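Per-entry structural report
Chain by chain, the residues run as shown.
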Amino acid sequence: MKNFLAVDTSCEYLTVVAYKDGKATTAFLPDCSMRHSVTLMNEIDGVLKKSGLSLADFDYFSAVVGAGSFTGIRIGISAMKGFCLAMNKPALPVTSFDVAAYNAIDRKILCLVDALHDSYYVCGYEDGKVVYPPAYLSEEEVLKLSRGYALYACAPLPISEKANVTLVDPVKGLERATIALAKQDQFGDLTALYVRKSSAELNLEGK
């Protein structure tokens, strides 16, 4: 299986990749202002029209499952689950860390996602394998952990003022990660990766 439709709605940007026979047609919006719910389907439709493809041309469907925006993650997952069900095709989960890491997988990389309030979601890779599992860390903890890692992110981060963070291409990263994980047969349920509990859950536990 090598032809796919993949989306990333986990952060402020939005990415769509339609891939068939070695050719990718893409759409990228750098700032959706968290309007993924009203933008995603239009962008998918635009990519399909531009590429001349239909949903029947794809062998599987993929979505970034986190870490990132709780709402954004659910939007992408729901859309791809719907396509999987309608076309009777498998799903491939990709993490936002994979998207960053597969820009330069041959290095020892610490991938960062902004968790707001001077905190970050992080995951460490070496030679394409996770060596530091997804975690929710403070800025201070990230700076301590970062020694020995190259820091990668798909969007600008406040911590860049204190550390050297390489900004990588979220479009190429999504394409490369989806291809690589499919070759590794990482197909499965599109289940949200919540590195920490949502604000609603934390508030409920505090009552």
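In this report, we go over the structure that sits alongside the text. (Residues numbered from 1 in each chain as written. Predicted model: local features only at pLDDT ≥ 70, side-chain atom pairs only at ≥ 80, totals over all residues. Heavy atoms only, no water.)

A few words now on the packing of aromatic side chains. Evaluated as defined, the whole model comprises 8 aromatic pairs. Look at F58 and F61: their rings are 5.9 Å apart centre to centre, the planes differ by 70°, and that puts the pair in the edge-to-face class. One exposure class covers both F58 and F61, and it is buried. The positively charged end of K108 is found above the aromatic ring belonging to Y149, 4.9 Å away from the centroid. (Phe/Tyr/Trp six-rings, centres within 6.5 Å; stacked < 30°, edge-to-face > 60°. Buried < 20%, exposed > 50% of the residue type's maximum accessible area, 1.4 Å probe, protein only. Lys NZ or Arg CZ within 6 Å of the ring centre and 35° of its normal.)

What follows deals with the nonpolar core. Considering soluble globular proteins, one finds that nonpolar side chains tend to be buried as a cluster. The biggest cluster of nonpolar side chains holds 36 residues, and the ones touching the most others in it are V94, F97, C111, Y121 and Y152. Broken down by element, this core gets its largest block of residues, 6 residues, from helix α5 (residues 170-183). The contact partners of C111, leaving out residues within four places of it in the chain, are F97, A100, A101, Y121, V122, C123, Y125 and Y152. Counting residues in each nonpolar core, the second largest holds 25 residues, with I73, M80, A91 and L190 among its members. (Core = buried A, V, L, I, M, F, W, Y, C linked by side-chain atoms within 4.5 Å. Helix = DSSP H or I, 4+ residues; strand = E, 2+ residues; numbered from the N terminus. Contact = heavy atoms within 4.5 Å.)

So, about helix α2 (residues 70-87). Helix length check: α2, at 18 residues, gives a terminal C-alpha distance of 26 Å against a target of 26 Å (1.5 Å per residue), a fit within 8%. Taken as a whole, α2 has its buried residues at F70, G72, I73, G76, I77, A79, M80, F83 and C84. Where α2 is buried, its residues contact β1 (4-8), α1 (36-51), β4 (60-64), β5 (91-94) and β7 (119-126). Just past α2, the residue N88 takes up positive phi, approximately 55°. (Expected span 1.5 Å × (residues − 1).)

Looking at the element boundaries, S119 is found in strand β7. Among the polar contacts listed, one links the side chain of S119 to the side chain of Y136, at a separation of 3.5 Å. Here S119 is in contact with D114, Y136, L137, S138 and E139, once residues within four sequence places are set aside. (Polar contact = N/O pair within 3.5 Å; in protein donor to acceptor, adjacent residues only side chain to side chain.)

Any functional reading would require information beyond the geometric quantities listed.
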